[in-house]
Each structure stands twice: as C-alpha cells, then as structure tokens.
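Residue-level structure breakdown
Here are the chains, one letter per residue:
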2 protein chains.
Amino acid sequence: MGEYGEKRTEAISISWKPDRQSKIPLYSQIVSYFSEKISSGDWVSGQVLPSQRKLSELFEVNRSTIVEAMDELASLGMIESGFGGGTRIANDSWSLLMQDKAPDWQSYIKASGFRANVPTVQIINHLEFEEGITRMSTGELSPDLMQLDLTRKVLSSLSSRDLFMNYPDPLGMPGLRAALQAHLREIGIDAPLSCILIVSGALQALQLISMGIVQAKSTVYVESPSYLGSLNIFQSVGAKLQGVPLDASGILPWMIREPQSNGCHSLLYTIPTFQNPTGCVMPVSRRKEVLKYCKENHMPVIEDDVFRDLWLDEMPPPPIKALDQSGSVVYIGSLSKCFSPGLRLGWLVGPESVVQRLADVKMQMDYGVSVLTQQVVEELFRSGLYYTGVNTIRQQLRERRDLMMRLLEKYFGDLAEWNRPAGGFFIWVRLKNRVLSEQLFNRALKEGLLILPGSVYDMGYSSSLRLTYGYLSAEEMELGMRRLSEILRDMNRK
Amino acid sequence: MGEYGEKRTEAISISWKPDRQSKIPLYSQIVSYFSEKISSGDWVSGQVLPSQRKLSELFEVNRSTIVEAMDELASLGMIESGFGGGTRIANDSWSLLMQDKAPDWQSYIKASGFRANVPTVQIINHLEFEEGITRMSTGELSPDLMQLDLTRKVLSSLSSRDLFMNYPDPLGMPGLRAALQAHLREIGIDAPLSCILIVSGALQALQLISMGIVQAKSTVYVESPSYLGSLNIFQSVGAKLQGVPLDASGILPWMIREPQSNGCHSLLYTIPTFQNPTGCVMPVSRRKEVLKYCKENHMPVIEDDVFRDLWLDEMPPPPIKALDQSGSVVYIGSLSKCFSPGLRLGWLVGPESVVQRLADVKMQMDYGVSVLTQQVVEELFRSGLYYTGVNTIRQQLRERRDLMMRLLEKYFGDLAEWNRPAGGFFIWVRLKNRVLSEQLFNRALKEGLLILPGSVYDMGYSSSLRLTYGYLSAEEMELGMRRLSEILRDMNRK
Ligand SMILES: Cc1ncc(COP(=O)(O)O)c(C=O)c1O
Ligand SMILES: Cc1ncc(COP(=O)(O)O)c(C=O)c1O
C-alpha cells in the first residue's frame with residue numbers, strides 16, 4: 001500500500017481556493033493559507049510546491065498574484081528554491097512560524113491510543129467519493145436501487161404531522177422501538193421494548209459492544225474471513241480477533257482450539273445469514289450447534305444480521321437469537337444493506353442489563369440517534385413501505401446476480417472460483433494461480449477500477465476478492481469484469 | 001445518590017407483559033420471562049417479587065395464571081418463600097439456570113474499561129423521560145420553542161427533491177459543509193471545506209477528540225465549573241481534567257500552576273460564549289489573552305461554541321477561532337441548543353490534519369451522520385429558515401429570562417445569589433447558608449422537581465445549582481421556583 005499511504009509526504013495536494021468575496025487581498029489570503037498549512041504540520045519542510053502555473057490554475061488567480069504571494073513567502077523564509085529547480089517548503093519554516101506558536105498536532109495524533117483505520121480501507125473510504133472510479137466491490141446498493149420515492153412519501157407525510165425534536169430517550173424513541181418490536185416478531189424474536197436499543201447503524205452497535213462489554217486481552221472469535229477482520233474496533237480496546245474456520249454451513253466453533261476460560265471474557269461474532277464476504281448461509285442445525293457450543297462455554301454470541309431481508313431464493317432460517325432462551329445472544333440489525341445506508345439507523349437486541357449498559361455508553365458518545373431519522377424509519381415500518389421497498393430491491397438484485405454469474409462464467413471461467421449467492425449482493429472470488437489480490441488492487445486502481453482485496457478481511461485470504469452486483473449498471477458491470485479479467489490475464493503472463 | 005443508585009438490587013421492577021397474540025401459553029411465557037431475567041443477571045438471588053395480586057395486575061392476566069407460573073418456577077427451584085413472607089429469587093436459581101448456560105454479563109460489563117456515566121447524570125438521563133417530572137434545569141429548549149413549522153417546511157421541500165441516501169463522505173456531505181462554511185464566515189471563521197467535519201452533535205465532537213488526539217495521562221484544563229465536568233469522556237481514555245478558575249470575563253489560564261510540558265499533550269477546553277453553567281461571556285481582550293497563553297505553551301484550545309446564536313442583549317464577540325492564525329484552535333458548533341437537539345447535528349473546524357484524523361476515527365465509529373438529517377440542515381441554512389428560527393427563539397427567551405429574574409428576586413432574594421445571563425438559557429444559582437445542592441436534589445425529587453446540582457460540574461460547587469428558563473411554561477416556572485424555595489427554607493430551618 002506504500003504507493004498510496006505515503007503520498008502525503010511527497011507531493012502537496014491543494015483543494016483550497018481563495019475567496020473572491022472577501023475584502024482580504026488574494027495574495028495575502030494565499031500567504032495565510034500557506035502559513036496555516038505549515039504551522040499546522042500538514043506541510044513539512046522539503047515538500048515540493050506545484051509550479052507557479054499550476055498554482056495559478058488551482059487558485060484561479062493571475063500568475064502575477066502567485067508571484068506576489070511567493071515573494072512574500074520567500075521573504076518570510078517559509079519557502080526556498082530547490083536544488084533541482086522547483087520551490088520547496090523551507091527548512092526551518094515551521095520553527096519560524098512557531099514564533100507564532102501552534103501545537104504539534106502530529107504528535108498529539110500519534111500519542112493517542114486509537115488506531116488509524118486499515119490503510120487500504122482508509123484509501124477506499126476516500127476513493128469511493130472520487131469521480132471516474134468504478135466501484136466493483138462497494139458495500140452499498142446503487143442509488144438506483146434505493147427506494148427514493150418511498151422515502152419522499154414518508155417525508156411528505158411527516159411534513160404535516162407532529163414532530164418530536166428534543167433529545168431522544170436513551171434507548172431510542174418508544175414509537176420506533178415498538179415498530180421494530182413488531183418487525184422482529186416476524187422473524188421469531190420476541191423482545192420487550194426495554195431490550196431494544198436504537199443505534200446509528202450496525203457499526204455503531206459493534207463499537208458500543210467493544211467499549212461496553214469487552215476488556216483488553218479478550219478474544220473475539222470471528223469467521224475467517226469476516227467483515228470484522230476489516231475493522232479495528234475491537235483491537236482499539238485491546239482485544240484480539242481470532243479467525244475460526246468456515247465450511248459451507250458457516251462457522252465451526254468447535255475448531256476453536258482452546259477457548260479462553262470464563263475469566264477472560266471472550267465473544268463469538270458471527271454473520272450467519274449471507275455472510276460478508278463469503279455469502280454463506282448457516283442452516284438451522286448449525287445455528288443450534290453454534291448456540292449450544294457458546295452456551296456450554298458461557299460465551300456471548302454477537303449475531304450480525306444486516307443482510308437478512310435481501311434473500312433472493314428463499315427466506316433464510318430464523319436468527320440464532322430466535323433460538324436462544326438463555327440470553328446468550330446480542331442481535332444486530334440495520335437498514336444499511338436492505339434499504340439505505342445513509343439513514344445510519346440500526347438496532348441491537350439483548351438482555352436488559354446489556355442493553356442498559358450499551359445505552360449508557362451511547363449517551364456518553366453522542367446522546368442518541370437523530371430523531372428525524374428515527375421518525376422517518378418508524379413511519380417506514382408502520383406504513384409497510386419498508387417491505388414494499390425491499391421487495392422491489394430483491395427483484396432487481398435477482399437479475400443483477402444472474403447477470404454477474406454469466407459475466408463470471410464468460411470472463412473468469414478459467415481464472416477463478418466463486419459461489420452462487422442466495423442473498424445479499426457480494427460474491428467471493430478465489431483467484432487461481434496464486435495471484436495476490438493486493439497486487440490486482442493496485443493494478444486495477446490505475447485504471448480506475450476499485451476492488452476489495454481479501455487480505456483486508458483476513459491475512460489468510462490474499463488470493464481472494466469481494467465483488468458486488470448491487471452497485472454498477474449492467475454496462476459498467478460487463479465493462480469492469482472484462483477489464484479486470486484482462487488485467488488478471490496480463491498478470492498471469494508475467 | 002445511594003437512594004436511587006441502589007434501587008435495582010432491592011425491588012424488582014417489571015415493564016414487560018405477556019403477548020396475547022402468541023401461541024405460547026401465558027403462564028409459560030411468564031416462566032420464560034423470569035428465567036431470562038435471572039439467567040441474564042438482571043435479577044439476583046434474594047430479590048423480592050411483587051405480590052401475586054400485583055403480578056396479575058402488571059401482566060394483565062388472571063390470578064390463576066400467576067399461580068400456575070409460580071408453581072412451575074418454584075418446582076424448577078428458581079423462586080422460594082422468604083422468611084418474612086413474600087416470594088424471592090431462590091439462592092441458587094442462577095446456577096440452576098446456568099445448566100442452560102448463559103454468559104455472566106455483569107462480569108463482562110465490569111471488566112470493560114469504559115466508565116459508567118456519573119450516577120446523578122444517569123439518573124437524570126432517565127428521569128427526564130418520566131411523566132410527572134418538572135425539569136427545572138434541563139439542557140434543552142421546550143418543544144414549544146422549537147420551530148417545528150420551519151422543520152416541516154424543510155421536510156416538505158425535500159419530499160419533492162433529489163435525495164442522497166448512500167453512505168456519506170467521511171467529512172460529511174459537501175453541500176452541507178458549504179452551507180456551514182458560509183455560516184461560519186458570518187462569525188469571522190474562514191475555513192476551507194477540507195477543514196470542516198460534520199458530527200452527531202457537539203458531544204460526539206468531544207468524543208472524537210478524546211479518542212483521536214488525547215493520550216492517557218494528558219491533562220485537559222477546563223473552566224471550574226464546566227460542562228465537561230459532568231462528562232466522563234476524557235477520563236474514559238485515561239486523561240485527567242483539571243479545573244482552572246474563572247472570573248467575570250471567563251477562564252484565567254495563567255492560573256494553571258505548572259502547565260504540563262509539551263510532551264504530555266495537554267489541552268484547554270473552554271466555552272467562551274454563554275458558558276455552561278455560569279452563563280459567563282469572555283470579552284475580546286480575554287479571548288486574545290487565552291489564545292496567546294495557549295500558543296506560548298503549544299497547547300491546543302478546544303472552543304465549544306454551542307450557545308453563540310442565543311444572545312439576548314447584544315451579539316457576542318467573535319470566536320477565539322476567528323482570532324487564530326496559527327491553527328491552535330479546534331472549534332465546535334451544534335444545532336442542539338439554538339435549534340433542535342434531536343437533530344443530533346454539529347460541526348468541528350480545525351487544521352486539516354486534525355480534521356482528517358477525527359474523520360477517520362468517526363468512520364470507525366459509525367460511518368458518519370444520517371444523510372437525511374444532513375440534507376435537512378443544509379436546506380435549513382440555505383433557505384435562511386435557521387436564522388428566522390433562532391430570531392424567534394431569542395425573542396421568546398428574552399421574556400423568559402426576565403420572568404426568571406423576577407421569580408428569583410421574589411422567592412430566592414434572601415436564599416441565594418445569581419447572575420443575569422446575557423444569552424443561553426441557564427442561570428447559575430449559588431445557595432447561601434452552605435446548603436448542599438445534592439441534598440436539595442434529593443428532597444426536590446421527592447416532589448417531582450428535577451434540578452442539576454453544581455457538584456456534577458465540579459466537586460467544588462456543592463452549594464450551587466443550574467436552573468433553566470428555556471423549558472417550563474410561565475406557570476410551571478412560578479410553581480417550581482416557589483416550591484423549591486419552600487424546600488430550601490425548610491432545609492435551612494433544620
Ligand atoms: C456484516 C456487516 N455488518 C455491519 C456493517 C455496517 O453496517 P451499518 O452501515 O449499519 O453500520 C456492514 C457494512 O458493511 C456489514 O457488511
Ligand atoms: C457546552 C456544551 N457543549 C456540548 C453540549 C452537547 O451538545 P450536543 O447536543 O450538540 O451534543 C452541551 C449540551 O448540554 C453543552 O452544554
């Protein structure tokens with residue numbers, strides 16, 4: 001990843017422009033901007049400035065304004081000519097500015113305990129918003145698939161109603177929790193209102209769990225590969241992830257060699273339904289076995305069920321939570337995958353003491369979920385529009401999956417192996433010839449194709465990648481898959 | 001606080017009811033409910049059950065159903081008759097159930113590093129949602145003051161427009177950031193879009209700062225008393241708060257005895273405008289002095305400016321951030337106090353490297369703020385409706401403040417001292433005769449009056465309390481203030 005991760009220290013990138021409305025002269029705005037970048041540590045000594053012509057384009061000002069600003073910066077000792085031509089940030093520019101003293105932010109950032117995101121994930125987080133990028137693996141549905149009309153309908157009905165706009169109840173708005181209670185009952189989960197917590201998406205549920213019930217040195221057992229493998233959440237509180245093998249029916253917990261004893265507070269995290277990234281569905285029998293194993297080991301189960309409503313062939317078995325009388329399972333749902341990730345709305349169901357604890361943690365983090373979003377989602381469920389929406393999405397996803405299957409046959413028949421997903425929108429592709437998907441990632445990115453290498457999920461999966469059929473149009477899918485196969489063939493040749 | 005804090009271990013409280021639609025017999029639903037409560041550790045050995053009559057009322061079932069359920073529970077060994085009559089959770093009920101083994105959740109909760117909220121704050125968080133409670137100190141405006149019509153107007157205009165419903169950009173939606181950029185320019189802050197981060201309220205901004213740029217053993221200097229004193233955020237990452245004295249012009253940073261040296265990464269947190277709880281406004285001269293002091297000590301300033309738009313007499317001086325050319329200040333704003341806390345929308349402005357870091361932390365916590373809320377708030381600013389709204393709120397708050405001043409004169413003239421706030425909605429009342437506000441809190445709560453004792457903000461302020469004129473109606477304010485003064489007089493007599 002060095003190619004991307006270290007970019008910042010080599011060339012200066014500028015997205016700022018001077019403000020033409022302002023009364024401050026343009027050249028002096030530019031001087032201030034440079035000073036701030038240097039004093040804040042964003043730009044460091046030795047970094048090369050873009051050429052004057054480039055700067056005048058970037059800032060949309062005359063060349064003469066740039067010359068004026070550069071003269072001033074040079075006379076302040078902040079920039080200097082480089083040896084091989086070009087202009088650089090001067091050697092002692094920072095200490096010069098430090099006479100107008102700023103904190104050393106970089107050292108604040110480095111000293112804090114929280115881990116930066118996995119570098120590949122950070123890059124992807126940013127690239128997904130850039131133009132000219134073809135998102136072949138993204139974790140969200142295409143805007144075309146999202147039922148915007150339904151959301152508009154809900155907004156319009158809310159616009160003529162009583163609204164609640166105060167701080168929400170620590171557990172979330174009672175009306176929304178009641179609507180979700182009914183929704184959960186449909187899939188076999190019978191939960192009192194006091195055991196349902198509204199959260200800002202499934203990711204926040206995991207974050208609350210890591211802060212509220214996990215201790216440093218705990219082990220979190222996860223499917224190998226698993227979505228959790230792409231996140232730092234549990235590692236940030238000092239816990240460690242341990243991969244557990246999967247077969248076609250899902251995780252095999254009895255393969256855990258020596259489960260940590262009770263005192264160490266281990267957890268099992270599973271995505272039993274349309275697993276991310278493998279697409280695997282756990283049958284009822286395995287669900288029972290997993291629950292039994294965890295109960296015998298006094299080990300909580302975190303069940304992440306965000307894909308459930310995107311079944312394509314037949315309804316999946318009930319959640320593990322529905323089989324659990326003992327209070328061993330904490331269940332997580334979300335609207336992100338099946339309706340809209342932008343709503344940032346999810347729910348967590350667990351024993352009352354756990355829910356209370358996590359609600360307290362949440363109150364300390366952000367005082368709860370936007371009540372506007374909560375009221376929209378309540379209406380979405382009450383009106384039944386949610387079900388109308390997922391129904392439509394499912395139909396379209398079925399066609400998309402079938403297209404993807406044809407494209408894989410056509411372009412990857414001899415290059416890779418894959419499964420036929422029964423739900424969700426991911427395909428897990430295992431490359432033959434031991435091609436490293438990180439290398440494929442870099443090569444593909446040069447042509448604007450963004451894929452997710454399997455190593456992000458688990459270091460053991462360096463020859464796999466995740467693809468989606470939920471995002472691109474049919475033409476883009478065909479184009480992307482063809483191009484990707486060509487790149488792969490080219491790599492195989494070398 | 002013992003009275004409230006320990007309630008849970010004494011009597012069992014039940015809000016659950018059996019489901020009459022379900023095919024499972026009522027008595028057996030009750031047995032399952034009891035088993036779950038016991039196995040999850042919510043109910044512990046020795047706790048007394050409500051009487052059978054009470055239970056039949058609570059569950060809305062016949063007495064005979066209760067008898068059937070109790071018989072079953074007794075024969076399972078889970079309940080037993082108490083010595084002084086009544087029925088209790090049996091001594092070894094938990095271990096009996098543990099043959100159907102659940103995790104020991106309480107020990108998971110205890111082992112995790114995250115601190116529970118300050119007990120008084122936890123109690124208040126819950127009581128604020130209970131009926132029959134008069135909220136005399138609450139941190140939000142009355143629903144009457146919130147400009148619901150304006151929000152409805154925005155919803156209606158969004159309902160016929162293009163909506164964005166995908167995952168948001170890590171910094172927040174560009175359109176909203178541009179709208180806020182214009183808003184910030186009005187108060188003297190000139191920030192590029194890449195230095196503005198959208199957050200779920202000011203509290204989350206503080207949370208991100210504590211996780212992203214604070215290290216264990218850092219010192220966070222705060223006004224004494226300060227809003228931050230009522231939160232655990234910084235302590236939860238191992239930093240410590242240190243109070244710094246205030247005078248009428250705000251914090252006196254040079255009273256910090258030995259500022260931590262650079263290596264230890266200390267911070268200064270200040271609320272210069274309508275400080276919570278004192279209402280203090282820092283004049284420009286002090287703002288400059290504070291900034292100068294912090295720059296000289298290479299110490300970042302966290303400026304919390306959530307009350308700014310609620311000025312009642314005259315516009316407050318520009319933010320410290322507007323005076324800062326060096327990149328020393330991280331600025332925080334929010335809609336919670338001036339428009340609606342339920343929206344959970346705030347913003348943070350700082351040097352690009354800090355904003356990038358905090359955006360990365362936020363991506364790991366919840367993937368960003370609800371895009372629905374972001375689009376509503378963008379429209380609120382673009383249409384100017386936000387300014388219409390705060391204008392109306394200000395007018396009404398002025399009348400409310402003046403009423404509060406009259407009530408204080410009338411009922412508390414000889415009991416306390418206070419200031420006349422120039423903005424916001426809090427009054428800081430210092431009790432004479434060394435009455436402890438914690439005691440007043442307990443006495444008042446017995447009569448349904450909920451106040452915030454000063455000790456929550458800082459242990460040194462045990463004879464102060466915060467009151468609000470932003471929540472109750474005129475009648476409720478008069479009634480509450482009279483009753484509170486009577487209680488206080490009564491306590492003074494004893
Ligand atoms: C298995 C799984 N859980 C949780 C999430 C996060 O969902 P949310 O957007 O609700 O936070 C994702 C999204 O990628 C996921 O794939
Ligand atoms: C000074 C101050 N900062 C921040 C907050 C939290 O605001 P928000 O609701 O935006 O998280 C409050 C609310 O009580 C406050 O008084």
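Look a little higher up for the structure.
Let me begin by describing the structure that accompanies this report. Worth saying up front: this structure is predicted, and the values here are computed from it rather than measured. (Residues numbered from 1 in each chain as written. Chains lettered and ligands numbered in written order. Predicted model: local features only at pLDDT ≥ 70, side-chain atom pairs only at ≥ 80, totals over all residues. Heavy atoms only, no water.)

Focus: the overall build of chain A
The following threshold applies: Runs of E in the DSSP output that reach at least two residues are strands. Runs of H or I that reach at least four are helices, and both are numbered from the N terminus. For the radius of gyration, the atom set is restricted to C-alpha positions; the globular benchmark scales as 2.2 Å times the number of residues to the power 0.38. Exposure categories follow from relative accessible area, calculated using a 1.4 Å probe and restricted to protein chains: below 20% of the type maximum is buried, above 50% is exposed, and the middle band is partly exposed. We call two residues in contact when some of their heavy atoms are within 4.5 Å.
Helices and strands together make up the secondary structure of chain A, namely 19 helices and 17 strands. Radius of gyration (C-alpha) of chain A: 26 Å, near the 23 Å computed for a compact globule of 494 residues. Across its three principal directions, the C-alpha atoms of chain A cover 75 × 60 × 50 Å. Taking all 494 residues of chain A together, 61% fall into the buried category. In chain A, 73% of the contacts between residues at least 6 apart in sequence involve partners at least 24 apart.

A closer look at the site of ligand 2
As a reminder of what qualifies: Summary of the distance rule: residues count as near a molecule or strand when at least one heavy atom falls within 4 Å of that molecule or strand. Side-chain atoms alone can form a polar contact between residues adjacent in sequence; in general such a contact is a pair of N or O atoms within 3.5 Å, and within protein one must be able to donate a hydrogen while the other accepts it. Note that accessible areas follow from Shrake-Rupley with a 1.4 Å probe, and for residues the cover is restricted to the protein chains shown. Residues are grouped as follows: Ala, Val, Leu, Ile, Met, Phe, Trp, Tyr, Cys and Pro are nonpolar; Asp, Glu, Lys and Arg are charged; all remaining types, including Gly, are polar.
If you check the shell around ligand 2, you find 15 residues, and the closest are Tyr167 of chain A together with Asn276, Asp304, Ser334 and Ser336 of chain B. In this structure, ligand 2 sits where chains A and B come together, each supplying nearby residues. Between ligand 2 and Tyr167 of chain A there is a distance of 2.6 Å, counted from an oxygen atom to a side-chain nitrogen or oxygen. In this structure, an oxygen atom belonging to ligand 2 sits 2.6 Å away from a side-chain N or O atom of Asn276 of chain B. When the free accessible area of ligand 2 is taken as 400 Å², the share hidden by the protein chains comes to 97%. Of the residues belonging to the shell around ligand 2, the class tally is 8 nonpolar, 4 polar and 3 charged.

Examining the environment of Ala102 of chain B
With respect to the secondary-structure elements, Ala102 of chain B resides in the loop between α6 (93–97) and α7 (105–111). Ignoring any residue separated from it by four or fewer positions in sequence, one finds Ala102 of chain B in contact with His298, Ser326 and Ser328 of chain A together with Ser39 of chain B.

Regarding the site of ligand 1
Around ligand 1 there are 15 residues in total, and Asn276, Asp304, Ser334 and Ser336 of chain A together with Tyr167 of chain B lie nearest to it. Neighbouring residues of ligand 1 are not confined to one chain but are distributed across chains A and B. A distance of 2.6 Å separates an oxygen atom of ligand 1 from a polar side-chain atom of Ser336 of chain A. Across the complex, the protein chains shield 97% of the 400 Å² of accessible surface that ligand 1 would expose by itself. For the shell around ligand 1, a count of residues per class yields 8 nonpolar, 4 polar and 3 charged.

Details of the sheet that holds strand β10 (residues 301–304) of chain B
All names here are of chain B. Let me state the cut-off plainly: Two strands form a pair only when DSSP identifies at least two bridges running between them. Here the axes come from fitting lines to C-alpha atoms, over the contacting stretch only for helices, and the angles between their N-to-C directions go from 0 to 180 degrees.
Pairing is mixed across the open sheet formed by 7 strands, whose spatial order is β4-β12-β11-β10-β9-β5-β6. Whereas interior strands pair on both sides, the edge strands pair on one side only; in this sheet they are β4 (196–199) and β6 (240–244). On average, each strand axis in the sheet is inclined to that of its neighbour by 20 degrees, with strand direction left out of account. Two strands pair when backbone bridges link them, and strand β5 (residues 219–223) and strand β9 (residues 267–270) are joined in this way by 3 bridges, in the parallel orientation. Following the sheet pairing, Val220 is matched in β9 by Leu267. On the sheet, helix α10 (residues 174–186) packs against β4, β11 (329–334) and β12 (346–349) and is oriented at approximately 115 degrees with respect to β4. Sitting on the sheet, helix α11 (residues 202–212) touches β4, β9, β10, β11 and β12, and the angle it makes with β11 is about 150 degrees.

Some thoughts on the relation of the copies chain B and chain A
Mapping between the two chain copies consists of a rotation about an axis together with a translation along that axis. Selection criterion: Least-squares fitting of one copy onto the other uses the C-alpha atoms of those residues that reach a pLDDT of at least 70 in both copies.
Superposing chain B onto chain A takes a rotation of 180 degrees plus a shift of 0.1 Å along the axis, which leaves an RMSD of 0.2 Å. In the structure described here, the two chain copies are related by an operation that fits a two-fold rotation axis. A share of 100% of interface residues in chain B that are also interface residues in chain A marks the association as one of identical surfaces.

Here we look at the interface of chain B and chain A
Heads up, the rule is: The buried area of a pairing is the accessible area, by a 1.4 Å probe, that goes missing from both parts when the two are put together, added over both. Whenever Lys or Arg places a side-chain nitrogen within 4 Å of a carboxyl oxygen from Asp or Glu, that contact is recorded as a salt bridge.
Listed per partner, the contact involves 108 residues of chain B and 108 residues of chain A. Carbon and sulfur atoms supply 58% of the area buried between chain B and chain A, which totals about 9600 Å² over both sides. Summed over the three residues of chain B that lose the most area to chain A, namely Trp105, Tyr108 and Gln364 of chain B, the buried surface amounts to 8% of that side. Taken together, the links from chain B to chain A amount to 6 salt bridges. Applying the counting criterion to the chain B and chain A interface returns 48 residue pairs in polar contact (both at pLDDT 80 or more). Sorting the residues of the side of chain B that touches chain A by element identifies α3 (26–39), α7, α8 (119–127), α9 (148–158), α11, α13 (284–296), α15 (352–365) and α16 (371–382) of chain B as the ones contributing at least two each. Per-element accounting of the side of chain B that touches chain A gives the leading share, 10 residues, to α15 of chain B. Looking at the side of chain B that touches chain A residue by residue, the classes come out as 46 nonpolar, 41 polar and 21 charged.

Some remarks on the nonpolar core
Put simply, the rule is: Each nonpolar core is a collection of buried residues, namely Ala, Val, Leu, Ile, Met, Phe, Trp, Tyr and Cys, held together in the definition by side-chain atoms within 4.5 Å.
Formed by 251 residues in total, the largest nonpolar core has its most connected members in Ile209 and Phe412 of chain A together with Ile209 and Phe412 of chain B. When residues no more than four places from it in sequence are discounted, the contact partners of Ile209 of chain A are Val214, Phe234, Leu267, Ile302, Val330, Ile332, Leu348 and Leu358 of chain A.

Notes on the packing of helix α18 (residues 437–446) of chain A against helix α19 (residues 474–493) of chain A
Residues and elements named next belong to chain A. Going by this rule: Geometric relationships in this document are graded by angle, where less than 35 degrees denotes roughly parallel, more than 145 denotes roughly antiparallel, 65 to 115 denotes roughly perpendicular, and other angles denote oblique. Rotating anticlockwise by less than a right angle from the far helix to the near helix defines a left-handed crossing, while the corresponding clockwise rotation defines a right-handed one.
Relative orientation of the contacting elements α18 and α19 amounts to 120 degrees, with a least axis distance of 10 Å. Comparing their axes, α19 and α18 come out oblique. Handedness of the crossing formed by α18 with α19: right-handed. Counting all contacts with α18, which are made through Gln439, Leu440, Arg443 and Ala444, the residues of α19 involved are Leu484, Ile487, Leu488, Asp490 and Met491. When grouped by side-chain class, the residues that make up the contact of α18 with α19 number 6 nonpolar, 1 polar and 2 charged.

Points about the sheet that holds strand β5 (residues 219–223) of chain A
Residues and elements named next belong to chain A. The 7 strands lie next to each other as β4-β12-β11-β10-β9-β5-β6, forming an open sheet whose pairing is mixed. Sheet topology places β4 (196–199) and β6 (240–244) at the edges, where each strand pairs with a single neighbour. Ignoring which end each strand starts from, the neighbouring axes of this sheet average 20 degrees apart. Sheet analysis places strand β11 (residues 329–334) next to strand β12 (residues 346–349), joined by 4 bridges and oriented antiparallel. Note on β12: the bridge partner recorded for Gly333 is Trp347. Relative to the sheet, helix α11 (residues 202–212) contacts β4, β9 (267–270), β10 (301–304), β11 and β12, its axis offset from that of β11 by approximately 150 degrees.

With respect to the packing of aromatic side chains
Residues and elements named next belong to chain A. This is how it is decided: Under the pairing criterion, centres of Phe, Tyr and Trp rings, with the six-membered ring standing for Trp, must be within 6.5 Å; the plane angle then separates stacked pairs below 30 degrees from edge-to-face pairs above 60, leaving the rest tilted. We call a charge positioned above a ring when the Lys NZ or Arg CZ atom is no farther than 6 Å from the ring centre and deviates by at most 35 degrees from the ring normal.
Applying the stated criterion across every chain, the model contains 37 aromatic pairs over all chains. With a centroid separation of 5.6 Å and 85 degrees between ring planes, the pair formed by Tyr33 and Trp43 is classed as edge-to-face. Here Tyr33 is found in helix α3 (residues 26–39), whereas its partner Trp43 is found in the loop between α3 and α4 (52–59), with 10 residues between them in sequence. When its relative accessible area of 9% is taken as the criterion, Tyr33 is described as buried. Measuring from ring centre to ring centre gives 4.6 Å for Phe381 and Tyr386, while their planes differ by 35 degrees; the resulting arrangement is tilted. Taken together, the ring pairs connect Trp16, Tyr33, Phe34, Trp43 and Phe59 into an aromatic cluster. One residue, Arg394, lies across the ring of Trp311, its end atom 4.2 Å from the ring centre.

Description of the side chain of Ser194 of chain A
Considering the arrangement of structural elements, one finds Ser194 of chain A in the loop between α10 (174–186) and β4. Overall, Ser194 of chain A belongs to the buried group, its relative accessible area being 13%. Only 3.1 Å separates the side chain of Ser194 of chain A from the side chain of Glu352 of chain A, close enough to count as a polar contact. Look past the residues within four positions of Ser194 of chain A in its chain and what remains in contact with it is Leu171, Arg177, Glu352 and Val355 of chain A together with Ser15 of chain B.

Remarks on the pairing of β10 of chain B
All names here are of chain B. Spelled out, the test is: By convention, orient the strands away from the viewer: a clockwise path from the first strand over the helix to the second makes the crossover right-handed.
Burial along β10 is two-sided: Val301 and Glu303 and Ile302 and Asp304, pointing in opposite directions, are all buried. Bridge count for β9 against β10 is 3 bridges, and the pairing is parallel. Opposite Thr270, over in β10, you have Glu303 as the bridge partner. Considered for its hand, the β-α-β crossover made up of β9, α13 and β10 is right-handed. Examined bridge by bridge, β10 and β11 share 4 bridges and lie parallel to one another. Bridged to Asp304 within β11 is Ile332.

Remarks on unusual backbone geometry
Note the cis peptide between Asn276 of chain A and Pro277 of chain A, where omega equals 15 degrees. Mapping Pro277 of chain A onto the fold places it in the loop between β9 and α13 (284–296). A positive phi angle is found at Lys217 of chain B, which is not glycine, with a value near 80 degrees. Looking at the element boundaries, Lys217 of chain B is found in the loop between α11 and β5. For Lys217 of chain B, a relative accessible area of 68% gives the class exposed.

Focus on the environment of Tyr386 of chain B
Residues and elements named next belong to chain B. The residue Tyr386 is located in helix α17 (residues 385–412) in this model. Owing to a relative accessible area of 1%, Tyr386 belongs among the buried residues under this scheme. A sequence separation of 39 residues divides Tyr386 from Trp347, and the C-alpha atoms of the two residues are 15 Å apart. Leave out the neighbours within four places in its chain, and Tyr386 touches His183, Asp309, Leu335, Cys338, Phe339, Leu380 and Phe381. Within polar-contact distance, the side chain of Tyr386 engages the side chain of Asp309 at 2.4 Å.

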